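Here are the chains, one letter per residue:
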Amino acid sequence: MARDIYNVKTIQDKRYDTLDLGEYNGLFGRCESRFVVTLYGHSGSGKSVFALRLADYFAKNIGKTLYNSHEEKINQTLRDRINEWNIDAPRLFFGNALKFERMVDVIRKNYYRAVFIDSVKYMDFTDAQLKELREIFAKRKLAIVMVNFGEKLGVPSGTSGKDLLHASDVKCFFKGGRLNVTSRYLQAPVDRVLFGSKYAEKQLTLF
């Protein structure tokens, strides 16, 4: 029977497996290895580029990473973004609009440390599926990053949008060239100017 009562001393002494995400620590805090992130905001606000760069960093520094590309699938736009932003991690793999069952099967057969879903709207990814995914890989250090749309802070798109956002440890909202992050690993929200195209000399970089 699983333990369900803990005293204060046990909680105080408990140690958790956390990740060092380098520059991303300033945005997210020191996340646990099984953290969940939602990236949401207006179309064209930088969500997918941010997700690609995070996936690239994760694959280079943490472990094998699966990027399930639903919105754009595997096409010229994705290729151009990969080339423009120098996405080149050998341990980063792309799924071409994998359905939920297929995605689970791919993760099960490979030791992925993170899965990116871009986007939950195009995949029809639900809160129930998020719970199922976490239960299936409860014994694996699997981070889950979800991309979604949303017009306002705290208001993501879709019938499952709010539930997915509520279930996320880190919530990143993109709008008007800025990124607002609320994380349970930080004491206060973070607001930053977004990175822009590397050719836009007047726009600041995120880090």
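Preceding this section is the structure that the text describes.
Residues numbered from 1 in each chain as written. Predicted model: local features only at pLDDT ≥ 70, side-chain atom pairs only at ≥ 80, totals over all residues. Heavy atoms only, no water.

This structure, assessed with the given rule, holds 11 aromatic pairs. Look at Tyr 40 and Phe 173: their rings are 5.1 Å apart centre to centre, the planes differ by 45 degrees, and that puts the pair in the tilted class. Residue Tyr 40 is located in strand β1 (residues 36-41), and its partner Phe 173 is located in strand β7 (residues 170-175); the two are separated by 133 residues in the primary sequence. Here Tyr 40 and Phe 173 have matching classes, each one buried. Between the aromatic rings of Phe 93 and Tyr 112, the centroid separation amounts to 6.2 Å while the plane-to-plane angle is 80 degrees, which identifies the pairing as edge-to-face. Taken together, the positions of Phe 93 in strand β3 (residues 92-96) and Tyr 112 in the loop between α5 (100-109) and β4 (114-118) put the pair 19 residues apart, joining distant regions of the chain. (Phe/Tyr/Trp six-rings, centres within 6.5 Å; stacked < 30°, edge-to-face > 60°. Helix = DSSP H or I, 4+ residues; strand = E, 2+ residues; numbered from the N terminus. Buried < 20%, exposed > 50% of the residue type's maximum accessible area, 1.4 Å probe, protein only.)

With that settled, consider helix α7 (residues 127-136). Taken residue by residue, α7 has Asp 127, Gln 129, Leu 130 and Leu 133 as its buried positions. Each buried residue of α7 sits inside an arc of 160 degrees when the element is viewed along its axis, so together they form one side. Facing away from the buried side of α7 by more than 90 degrees, the exposed set consists of Ala 128 and Glu 135. Packed against the buried residues of α7 are β1, α5, β4, β5 (143-152) and α8 (161-166). (Arc of directions from axis to C-beta. Contact = heavy atoms within 4.5 Å.)

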